[in-house]
Amino acid sequence: MRKVMKLDGEICANCAGKIQARIEQIPGVRSASVNAMTMKFTLDADDAAFDDALSQSIEIFSDIEPDCDVLR
């Protein structure tokens, strides 16, 4: 399953890269993209693991950049 979500708040390109790298390590994630310019987050994960991967991704966003929220 692939889903594109909007981001709300502030995020720099450096933090976006750190977030993307950590999300790509989550089991079941095929790919992830965090774009600070367009304020979009794309998550591509196995259907069975998608909800858990999304929850973990949101936690990673909160840990690295608490001023940026993922809008589902």
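Treat the numbers as computed from the prediction; the structure is a model and nothing was measured.

(A) Spotlight on the environment of A45. The topology assignment puts A45 in strand 3 (residues 40-45). Along the chain, A45 and S31 lie 14 residues apart, while their C-alpha atoms are 6.9 Å from each other. For A45, the contacting residues outside a window of four places in its chain are M1, G28, V29, R30, F50 and A53.

(B) Seen up close, the pattern of salt bridges. For the structure shown, the criterion picks out three salt bridges. Note that R30 and D44 form a salt bridge whose closest N and O atoms lie 3.0 Å from each other. Note that R30 is positioned in strand 2 (residues 29-35) and D44 in strand 3, a separation of 14 residues in sequence. The class for D44 is buried, based on a relative accessible area of 16%. Notably, a salt bridge pairs D46 with R30, separated by 2.9 Å at the nearest N-O pair. Of the two residues, D46 sits in the loop between strand 3 and helix 2 (50-64) while R30 sits in strand 2, which places them 16 residues apart along the sequence. A single salt-bridge network, built from bridges that share partners, covers R30, D44 and D46.

The rules we used
- Residues numbered from 1 in each chain as written.
- Predicted model: local features only at pLDDT ≥ 70, side-chain atom pairs only at ≥ 80, totals over all residues.
- Heavy atoms only, no water.
- Helix = DSSP H or I, 4+ residues; strand = E, 2+ residues; numbered from the N terminus.
- Contact = heavy atoms within 4.5 Å.
- Salt bridge = Lys/Arg side-chain N within 4 Å of Asp/Glu carboxyl O.
- Buried < 20%, exposed > 50% of the residue type's maximum accessible area, 1.4 Å probe, protein only.

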